[in-house]
Amino acid sequence: MTAGLIGTKIGMTRWFLEDGTNVPVTVIEVGPCVVTQVKTVETDGYEAVQLGHGELKPRRSTMPMIGHDHRAGSGPLRTHCELRGETDAELGDRIDVSAFEGVMFVDVSGMSKGKGFQGSMKRHHFRGLEASHGVKRRHRSPGSINGHATNLGTGPKLKKGKRMAGHMGHEKVTNRSAQVISLDVERNLIMVKGSVPGPIGASVVVREAVRLNKQKARVAKAG
């Protein structure tokens, strides 16, 4: 199974390489995570490991989750995540950021910042209508949707996925193949190049990258 842990986004800063290059990085506090469940083909039909992260007051959890985490020898945990694949981990194991030693690229998944209800220009980057002299004040409207119905315009409803105003953000986003700049094993910190989805303090899942482009694949192969 590829390396993977749950972490907390700390924020962004800058990192100076040995040649003086200034690299923007996101600091993530990764782990330590507790193995709260190990799934096998015999019992669940597939192989996976479930990780838990973050202490939680018992009154903010539920009795089933308290009992579930207690079997792993842990108190109530805030976040749980399942990673599929073969693993040699056992129930109750503690995994820290040292699992990423030697890993050069990671995939970081999290919930993006919520933007609330937004119009079509902000949500879908429409250019809007003309704003020249004599035009009504409808510059930010999406335009007509009457002929965009199902069945070549003869149906009673709009096609699913029509780009219109609505709820924006708060979606699962994955930043793929982000470069690992540095690890701090003592403080369980990982520095990742570039941005990471979610606000400061949000929970994210950091995994070893599963797909690299040609350039990054050559870098990873070179070592």
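Cut-offs and rules
Numbers given for residues are sequential positions, taken from 1 along each chain in its written order. For this predicted model, a pLDDT threshold of at least 70 governs which residues receive local features, and a threshold of 80 or more governs which side-chain atom pairs are given and counted, while totals over whole chains, interfaces and linings are taken from all residues. Think of the side-chain values as coming from all heavy atoms in the structure, minus any hydrogens and water. DSSP-based pairing: two strands are paired if at least 2 bridges between them are found. The secondary structure listing takes helices from DSSP runs of H or I that are at least 4 residues long and strands from runs of E that are at least 2 residues long, numbered from the N terminus. Note on aromatic pairs: the rings of Phe, Tyr and Trp (six-membered ring only in Trp) are paired at centre separations within 6.5 Å, and the planes decide the class, stacked below 30 degrees, edge-to-face beyond 60, tilted for the rest. Any Lys NZ or Arg CZ found within 6 Å of a ring centre and within 35 degrees of that ring's normal is scored as a charge over the ring. Each residue gets one of three labels from its accessible area relative to the maximum for its type: buried under 20%, exposed over 50%, partly exposed in between, using a 1.4 Å probe on protein chains only. Candidates for patches are residues over 30% relative accessible area with no salt bridge; among them, like charges are joined within 9 Å and nonpolar side chains (Val, Leu, Ile, Met, Phe, Trp, Tyr) within 5 Å. The accessible surface values rely on the Shrake-Rupley method and a 1.4 Å probe; as for residues, cover is taken only from the protein chains in view. For salt bridges, the criterion is a side-chain nitrogen of Lys or Arg within 4 Å of an Asp or Glu carboxyl oxygen. None of His or the chain ends enter the tally, which takes Lys and Arg as positive and Asp and Glu as negative. By convention, the point assigned to a charge is CZ for Arg, NZ for Lys, CD for Glu and CG for Asp. Only the stretch in contact is used when a helix axis is fitted, and all axes are lines through C-alpha atoms; the angle between N-to-C directions ranges over 0 to 180 degrees. Pairing of N or O atoms within 3.5 Å defines a polar contact, subject to two protein rules: one partner must be a possible hydrogen donor and the other a possible acceptor, and residues neighboring in sequence count only if both atoms are side-chain atoms. Residue contacts follow a heavy-atom distance rule, with two residues in contact if any of their heavy atoms lie within 4.5 Å.

A.B. asks: Please set out the pairing of strand S1 (residues 4-16) residue by residue, giving values where relevant.
C.D. replies: Pairing analysis gives 5 bridges linking S1 to strand S12 (residues 203-208), with the strands arranged antiparallel. Looking at S12, one finds that Leu 5 is bridged to Val 206. With 9 bridges joining them, S1 and strand S2 (residues 22-30) adopt antiparallel strand pairing. When the bridges of S2 are listed, Arg 14 appears paired with Pro 24.

A.B. asks: Describe the packing of aromatic side chains, and please don't skip the residues or the numbers.
C.D. replies: Throughout the structure, instances matching the rule amount to 0 aromatic pairs. A cation over a ring is seen here: Arg 84 above Tyr 46, with NZ or CZ 4.0 Å from the ring centre.

A.B. asks: Please provide a residue-by-residue account of the sheet that holds strand S4 (residues 48-55), values included.
C.D. replies: Strands in a sheet are paired, the pairing made by backbone hydrogen bonds, and the direction either parallel or antiparallel. Taken together, 4 strands build an open sheet; the order of strands is S5-S4-S3-S6 and the sheet is antiparallel. Among the strands making up the open sheet, the edge pair consists of strand S5 (77-84) and strand S6 (94-95). Pairing between strand S3 (residues 33-39) and S6: 2 bridges, direction antiparallel. Each residue of the ladder has a partner; that of Val 34, found in S6, is Arg 94.

A.B. asks: An account of unusual backbone geometry is needed here, citing residue identities and associated values.
C.D. replies: Excluding glycine, a negative phi dihedral is what most residues carry, and trans is how most peptide bonds are arranged. Not every positive phi belongs to a glycine, and His 170 is a case in point at roughly 55°. In this structure, His 170 sits in the loop between strand S9 (166-169) and strand S10 (172-184). A relative accessible area of 48% places His 170 in the partly exposed class. Even without a glycine there, the phi angle at Asn 188 is positive, about 55°. Position of Asn 188 among the secondary structure elements: in the loop between S10 and strand S11 (189-193).

A.B. asks: So what's going on with a positive patch on the surface? Residues and values would help.
C.D. replies: On the surface, Lys 57, Arg 59, Arg 60 and Arg 78 cluster together into a patch of positive charge. Mapping Lys 57 onto the fold places it in the loop between S4 and helix H2 (63-70). A relative accessible area of 49% means that Lys 57 is categorised as partly exposed.

A.B. asks: Kindly report on the sheet that holds S2, identifying the contributing residues and their values.
C.D. replies: One closed barrel accounts for 6 strands, arranged S1-S2-S11-S10-S7-S12; its pairing is antiparallel. Going across the sheet, the axis of each strand differs from the next one's by a mean of 50°, ignoring polarity. Sheet topology note: the strand S7 (residues 105-111)/S10 ladder contains 6 bridges and is antiparallel. Bridged to Val 108 within S10 is Asn 175.

A.B. asks: Run through the pattern of salt bridges, naming residues and quoting values.
C.D. replies: Enumeration over the complete set of coordinates arrives at 3 salt bridges. Residue Asp 107 is joined to Arg 176 by a salt bridge in which the shortest nitrogen-to-oxygen separation is 3.8 Å. With Asp 107 in strand S7 and Arg 176 in strand S10, the pair connects residues that are 69 residues apart, well separated along the chain.

A.B. asks: Describe helix H4 (residues 214-222), and please don't skip the residues or the numbers.
C.D. replies: In terms of burial, H4 is a largely surface element, 0 of the 9 residues being buried. Immediately beyond the C-terminal end of H4, within one or two residues, lies Gly 223, with a positive phi of roughly 110°.

A.B. asks: Summarise the side chain of Asn 188; cite the residues concerned and give the values.
C.D. replies: Residue Asn 188 is classed as buried on the basis of its relative accessible area of 14%. Side-chain polar atoms of Asn 188 contact the backbone nitrogen of Val 97, separated by 3.5 Å. Apart from the residues within four sequence positions on either side, Asn 188 is in contact with Ile 28, Glu 29, Val 30, Gly 31, Pro 32, Asp 96 and Val 97.

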